[in-house]
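What the coordinates show
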Amino acid sequence: MARRAAAKPDDLKARLRSLTTELMLIPGLSGYEGRVRKRLAAELHALKLATRTDRLGNLIATIPGDPEAPSVMLFAHMDQLGLVVRKIEANGLIRVERLGGVPEKALPAQAVLFMVDEGRDVPGVIANKSHHATGQDEKYRVLPYAELYIDAGFSGAEEVLAAGIDIGTPVVYYPAALPLAGDRLAGTSVDDRAACAVVVEVARGLLASHRRPTVHIVFSVLEEYNLRGAVTAAQALLPDIAIQLDLILATDTPDMAARGDVILGGGPAMSLYSFHGRGTLNGTIPHPALPVLFDETAADEGLPLQRSAHVGALTDSSYVQLVGQGVAAIDLGFPMRYSHSALEVCDIGDLAALTRLLIAGISRIDSGFSLSRDDFPQ
Ligand SMILES: [Zn+2]
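Remember, it's a predicted structure, so these values are computed and weren't measured experimentally.

Side chains V122, G124 and I126 project from strand 7 (residues 122-126) onto a buried face, and the interleaved P123 and V125 project onto a face without burial. One ladder, built from four bridges, connects strand 6 (residues 111-114) with strand 7; its direction is antiparallel. Counted as the bridge partner of L113 is P123 from strand 7. Here two bridges tie strand 7 to strand 8 (residues 150-151), and the two strands are oriented antiparallel to one another. Paired with I126 across the strands is I150, a residue of strand 8.

The structure is reproduced here in structure tokens:
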């Protein structure tokens with residue numbers, strides 16, 4: 001009798017490496033996630049899951065489970081940060097606006113891609129003043145983005161327009177994926193395509209298990225823009241529990257040492273506290289049932305689980321938790337270095353362990369799983 005062999009851990013890592021890499025190479029600025037959505041919808045369809053897309057562009061699929069158990073929304077964002085064309089100079093050089101938390105000191109000398117249309121995208125370079133003409137006073141100055149311009153090879157505004165680039169055209173870092181030593185992978189939009197790949201693998205794992213709550217898979221839009229894309233999905237789905245997947249800042253480089261103990265390659269991590277105090281006043285303190293669930297799951301499964309608590313970043317869960325009568329939320333993720341630069345770095349082993357933690361943890365959510373605050377006196 002033919003019996004399907006259980007997936008070997010190495011198969012999981014190979015699939016995660018391949019899908020993460022593929023997703024990193026698809027441009028998808030906030031508000032322009034269509035190509036990423038198409039690719040992820042194909043992944044879900046291959047798992048025999050029906051998908052729907054809401055008006056904002058969130059891609060949603062539901063894995064039915066025990067109706068007595070609290071329902072779960074598991075989500076990761078499809079979009080990436082970047083730039084938008086603001087002005088086309090008469091000489092063909094192009095000025096841009098920032099979209100999302102683009103680090104200005106990481107911009108000059110970067111390759112970019114104008115998202116015109118599939119097959120018609122246009123590469124360009126963000127200019128960096130010729131070194132031989134750079135004065136002593138300019139050498140250590142970070143140029144504000146308004147002073148930067150993009151050279152795509154055109155010599156007049158008409159040529160730019162003829163190529164399909166106009167005011168409002170989306171621009172992203174030139175998509176790249178660079179395998180580093182061992183399990184390390186560098187490149188564009190590891191945030192949050194790596195988590196999108198994890199969600200696909202978690203869906204595969206949950207479909208193979210018979211014990212599970214109802215799980216709504218959501219690939220969200222507009223996270224890097226205003227963090228509210230996932231809210232409409234949550235309003236429609238009204239989940240009891242929201243599990244958000246994104247990067248967790250790795251703090252094992254010299255410049256980050258004082259911020260925490262999260263090690264790249266040290267396994268998945270959960271956030272116990274986040275807050276963003278600049279402009280967006282929000283963050284997430286997880287519902288107490290959820291750190292307990294994942295701590296116990298990690299211990300029983302022999303998986304590492306790192307902890308993170310810091311100010312300066314937040315995710316969609318901040319807003320999703322406020323939907324309806326309140327949603328029990330938690331941020332889980334993979335350690336990542338060099339966030340929002342064109343060469344972010346993650347570790348495929350962390351993605352695999354995060355996938356296993358989520359499959360095992362979510363499978364434990366049954367009809368007896370309490371979200372009552374009376375059970376958590378602190
Ligand atoms: Zn992100």
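It is worth spelling out the pattern of salt bridges at this point. Summed over all chains, the structure comprises 15 salt bridges. The partner of E89 in a salt bridge is R95, and the shortest N-O contact between them spans 2.8 Å. One salt bridge connects E201 with R204, and the closest N-O pair in it is separated by 2.9 Å. Placement of both E201 and R204 in helix 4 (residues 190-208) is noted, with a separation of three residues, approximately one turn of the helix. Each of R15, E201 and R204 takes part in one network of salt bridges that share partners.

What follows is about the coordination of the zinc ion. At the metal site, the zinc ion is ligated by H77 (NE2), D191 (OD), D246 (OD) and D246 (OD), and these contacts range over 1.9 to 2.6 Å. Relative to the metal, the four donor atoms surrounding the zinc ion lie at angles of 53 to 137°, and the coordination shape comes out irregular. If you list the donors of the zinc ion from N- to C-terminus, the spacing comes out as H-x113-D-x54-D. A residue pair is termed long-range when its members are at least 10 positions apart, and H77 in strand 3 (residues 72-77) and D246 in strand 13 (residues 241-249) qualify at 169 residues. When its relative accessible area of 1% is taken as the criterion, H77 is described as buried.

Next up on the list: unusual backbone geometry. Omega for the peptide link from D191 to D192 comes to 15°, which places this bond in the cis form. The backbone of L238 shows a phi angle near 45°, a positive value even though the residue is not glycine. Position of L238 relative to the elements: it lies in the loop between helix 6 (229-237) and strand 13. Positive phi, normally seen in glycine, also occurs at Y338, with a value near 65°. If you trace the backbone, Y338 turns up in the loop between strand 16 (328-336) and strand 17 (344-347).

With that out of the way, let us pick up the nonpolar core. Proteins that are soluble and globular tend to have nonpolar side chains buried together. By size, the foremost hydrophobic cluster in this structure holds 66 residues, and its most contacted members are L74, F219, I243, L245, F294, F334 and L358. For this core, the element with the most residues is helix 4, which contributes 11 residues. When residues no more than four places from it in sequence are discounted, the contact partners of F294 are I243, M270, L305, I330, L332, L357, L358 and G361. I126, A163, I165 and A342 belong to the second-largest nonpolar core, a separate cluster that totals 25 residues.

Another aspect to go through is the pairing of strand 9 (residues 170-173). Taken together, the two bridges between strand 4 (residues 82-88) and strand 9 define a ladder with antiparallel strand orientation. When the sheet's bridge partners are listed, V84 is paired in strand 9 with P170. As defined by bridge partners, strand 6 adjoins strand 9 across three bridges and the pair is classed as antiparallel. Residue pairing for strand 9: V112 is matched across the bridge by Y173.

Each value, and the rule that gives it
- Residues numbered from 1 in each chain as written.
- Predicted model: local features only at pLDDT ≥ 70, side-chain atom pairs only at ≥ 80, totals over all residues.
- Heavy atoms only, no water.
- Buried < 20%, exposed > 50% of the residue type's maximum accessible area, 1.4 Å probe, protein only.
- Helix = DSSP H or I, 4+ residues; strand = E, 2+ residues; numbered from the N terminus.
- Pairing = 2+ DSSP bridges.
- Salt bridge = Lys/Arg side-chain N within 4 Å of Asp/Glu carboxyl O.
- Donors = N, O, S within 2.8 Å, 3.2 Å for Na, K, Ca; no water.
- Tetrahedral: all angles 85-135°; square planar, octahedral: opposite > 155°, others 65-115°.
- Core = buried A, V, L, I, M, F, W, Y, C linked by side-chain atoms within 4.5 Å.
- Contact = heavy atoms within 4.5 Å.

By themselves, these are just geometric observations and shouldn't be taken as functional.
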